[in-house]
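# Coordinate inspection notes
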Amino acid sequence: MVSTAPETTHALCRADAIGEGQARGFPRTPGARQKVIVLRKGGRLHGWLDSCPHYAGGTPMAWKTDRYLNGEGTHLACHSHGAQFDMETGDCVVGPCLGQRLTRVRLETGADGMVRLAED
Amino acid sequence: MNIIGPDYLVFGVDDLASSAEYLTDFGLTPVDVDATGGLFEALDGTGIIIRAKSDPSLPDPLPTATMLRQQVYGVVAPEDIDAIAAELGKDRRVTRLADGSIETTDVHGFALKFQVTRRRPLSMPAEKINAPGAPAQRAPNELGVFPGKPAQPRTLSHHVLFVPDQDAARDFYCDRLGFVVTDVLKPAGPFLRPRANDDHHTLFFITTPEYMKGLEHLAFHMGGPTELMLAGTRLVNKGYQSFWGPGRHKFGSNWFWYFNSPLGTHFEYDADMDKHDDSWVAREAMLTPKASQVFLFEAQRRWMPGPDPKGIVEDEGTPEW
């Protein structure tokens, strides 16, 4: 989707910085602790709040900077208790938050090639 | 049954390289580690063993997300292993290995092993502090902090299991293996210490649904709160994800700092835990944030007030300490 957001708004990253099967985390707003996970799966970019639904309020999921995937690279993982999530639907498939899902963050890629949060 | 506590926790992981990187940066020392994994030990020889999750030498996995595959308990003497084998052999399969250790499972199906402990006696001072009114613990000109100050895990302290039935878990460990309940956080579960260890707890249970059964966290004792915060700060500076802390718990009085890990569980640094004997009467409290901790802090990027009009001078580059 081509962005309708002004190019002056906070850009998360360059779209081409996220390769197929890769996931990285970026501050949701400049300087924020809360991060948005941007990943590419099946050629499409997906955005997810870096917030495991196991605990109310959510907790950060990486074990180290940008290390969001399980060892095989097949699922997003919460490295608190090993929960795994479908990269495209956000559904928890195993772990403490079984039956819950990640919170999707809608993304837009601008004409400048930058990924931003979609304007509602 | 003189059980001392966990000698090793054994994991079947989906990423050996990342796990090895993590354990090393956490401060554990690789011992006989090769492409199939191995032991990463604390200063006393206790530690974490990792193997590939498909490694046939591992006990079967639980049908949950946990990567924990076996809890290896150290006991004082061979007679303790005989006593445990006799007791647990009444109602479950107990396998004797060539080295005299035994393998079995607990009431929830967690794989257990009991061995004459491999831990090495530690002889090193606690973190030393100076306080008015008390004899100085550090000699004149002996510094409290200095570049390269060691902050390595000393020993495997405790671990916490998610269990569906806390009463069954308590009864198994207390009635069959001689553990003692030191305190209870309701409705989560009890803190337990084994007979041959005076630490407030080496084991704690949190009641969860069956599909969560597994390892909530494990912890290593540090030499004191400064070591704990120094080791945690070094992890943060390398990009590791803090989960909870630093802070200080109420039950056990131990300082804590928890981190995410690629082993599907939290790793905790702890320090300065209470000691107990059999005269101790277990307390009960409802599990609330207030009951859980005296205080809680969160690491932030280092700054200082100064001559800069912004009032902040941020660190640049890799911290040297």
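Before going into details, it helps to say that this report is about the structure given with it. Positions within a chain are numbered from 1, following the residues in the order the chain's sequence is written. Think of it this way: whatever chain is written first is A, whatever ligand is written first is 1, and the rest follow in order. The predicted nature of this model means local features are confined to residues of pLDDT at least 70 and side-chain atom pairs, given and counted, to a pLDDT of 80 or more, with totals for whole chains, interfaces and linings taken over all residues. The side-chain figures draw on all heavy atoms in the structure; neither hydrogens nor water molecules are used.

## Some remarks on the overall build of chain B
To be explicit about the condition: Each helix is a run of H or I in the DSSP string that is no shorter than four residues. Each strand is a run of E no shorter than two, and both are numbered from the N terminus. For the radius of gyration, the atoms used are the C-alpha atoms, and the globule rule reads 2.2 Å times the number of residues raised to 0.38. Note on exposure labels: buried denotes an accessible area under 20% of the residue type's maximum, exposed denotes more than 50%, and partly exposed covers the range between, all computed with a 1.4 Å probe on protein chains only. By the convention used here, residues are in contact when the closest approach between their heavy atoms is within 4.5 Å. In short, Shrake-Rupley with a 1.4 Å probe defines the accessible areas, and a residue's cover is counted only from the protein chains shown. Here the positive residues are Lys and Arg and the negative ones are Asp and Glu; neither His nor the chain ends is included. Taken as the charge centre is NZ of Lys, CZ of Arg, CG of Asp or CD of Glu, depending on the residue.
Helix and strand counts for chain B come out as five helices and 18 strands. The C-alpha atoms of chain B give a radius of gyration of 20 Å, which matches the 20 Å a tight globule of 321 residues would have. Along the first, second and third principal axes, the C-alpha atoms of chain B reach 75 × 50 × 40 Å. Looking at the 321 residues of chain B, the share that counts as buried comes to 51%. Sequence separation of 24 or more characterises 67% of the internal contacts of chain B that already satisfy a separation of 6 or more. Approximately 14,600 Å² of chain B is accessible, and the part contributed by carbon and sulfur atoms is 56%. In chain B, 31 side chains carry a positive charge and 44 a negative one; their mean positions are 2 Å apart.

## Here's the deal with the nonpolar core
To keep it simple, the criterion reads: The criterion is simple. A nonpolar core is a set of buried Ala, Val, Leu, Ile, Met, Phe, Trp, Tyr and Cys residues joined through side-chain atoms within 4.5 Å.
Counting residues in hydrophobic clusters, the biggest one holds 55 residues, and the most contacted among them are F11, I48, F114 and Y173 of chain B. In this structure, L69, F85, M87 and C97 of chain A belong to the second largest nonpolar core, which totals 17 residues.

## Side note on the sheet that holds strand β16 (residues 266-271) of chain B
Sheet strands line up and pair through hydrogen bonds in the backbone, either parallel or antiparallel. Residues and elements named next belong to chain B. Inclusion rule: At least two bridges found by DSSP between two strands is the condition for calling them paired. Only C-alpha atoms enter the line fits that serve as axes; for helices the fit covers just the stretch in contact. Angles between N-to-C directions range over 0 to 180 degrees.
Across the sheet, which stays open at both edges, the ten strands sit in the order β17-β10-β11-β12-β9-β13-β16-β15-β14-β18 with mixed pairing between neighbours. At either margin of the open sheet sits one strand with a lone partner, and together these are β17 (283-286) and β18 (293-296). In this sheet, neighbouring strand axes are inclined to one another by 25° on average, regardless of whether the strands run parallel or antiparallel. Relative to strand β13 (residues 214-221), strand β9 (residues 155-163) is paired through seven bridges, and the arrangement is antiparallel. Across the sheet, the residue bridging to H159 is L218, located in β13. Running at roughly 10° to β16, helix α1 (residues 16-26) makes contact with β13, β15 (255-259) and β16 of the sheet. This element, helix α4 (residues 225-237), spans β14 (242-249), β15 and β16 of the sheet and lies at about 15° to β15.

## Some points on the environment of A62 of chain A
Position of A62 of chain A among the secondary structure elements: in the loop between β4 (44-49) and β5 (76-77). Each residue touching A62 of chain A, except ones within four places of it in the same chain, is listed here: D50, R67, Y68 and H79 of chain A together with Q241 and N260 of chain B.

## Points about the sheet that holds strand β7 (residues 92-94) of chain A
In space, the three strands of this open sheet follow the order β5-β6-β7 (chain A), with antiparallel pairing throughout. The two strands at the open ends of the sheet, each matched to only one other strand, are β5 and β7 of chain A.

## Details of the interface of chain B and chain A
Which entries qualify depends on this criterion: When two components associate, each loses some accessible surface as probed by a 1.4 Å sphere; the sum of these losses over both components is called the buried area. By convention in these notes, a salt bridge is any Lys or Arg side-chain nitrogen within 4 Å of a carboxyl oxygen on Asp or Glu.
Opposite the 29 residues of chain B that make contact, chain A presents 23 residues. Around 2,000 Å² of area is buried between chain B and chain A when both sides are counted, 51% of it from carbon and sulfur atoms. Considering only the surface of chain B that becomes buried against chain A, D14, A65 and Y211 of chain B emerge as the three largest contributors, covering 23% of it. Where E298 of chain B meets R33 of chain A, a salt bridge forms, and the shortest distance between an N and an O atom there is 2.5 Å. Put simply, the parts of the chain that give the side of chain B that touches chain A at least two residues each are α1, β13 and β14 of chain B.

## Remarks on α1 of chain B
Residues and elements named next belong to chain B. Keep this limit in mind: Here the arc refers to the directions that run from the helix axis out to each C-beta atom. Whenever two N or O atoms come within 3.5 Å, that pair is a polar contact, provided that in protein one can donate a hydrogen and the other can accept it, and provided that, for residues adjacent in sequence, both atoms are side-chain atoms.
Within α1, burial applies to S18, S19, Y22, L23 and F26. Projection of α1 onto a plane perpendicular to its axis shows the buried side chains occupying an angular sector of 130°, all on one side. Capping the start of α1, D15 holds a side-chain oxygen 3.3 Å from the backbone nitrogen of A17, two or three residues further along. Immediately downstream of α1, the backbone of G27 shows phi near 115°, a positive value.

## A short note on the pattern of salt bridges
One pass over the full model with this rule turns up 28 salt bridges over all chains. The closest approach of N and O atoms between K64 of chain A and E21 of chain B, which form a salt bridge, is 2.5 Å. Of this pair, K64 of chain A sits in the loop between β4 and β5 while E21 of chain B sits in helix α1, placing the two residues on different chains. A salt bridge links R193 of chain B to D278 of chain B; the shortest N-O distance between them is 2.8 Å. Pair noted here: R193 of chain B is in strand β11 (residues 189-193) and D278 of chain B is in the loop between β16 and β17, with a separation of 85 residues, a long-range link. Residue classification places R193 of chain B among the buried residues on the basis of a relative accessible area of 3%. For D278 of chain B, a relative accessible area of 57% puts it in the exposed group. The network of salt bridges with common partners includes E87, K90, D91, R92 and R176 of chain B.

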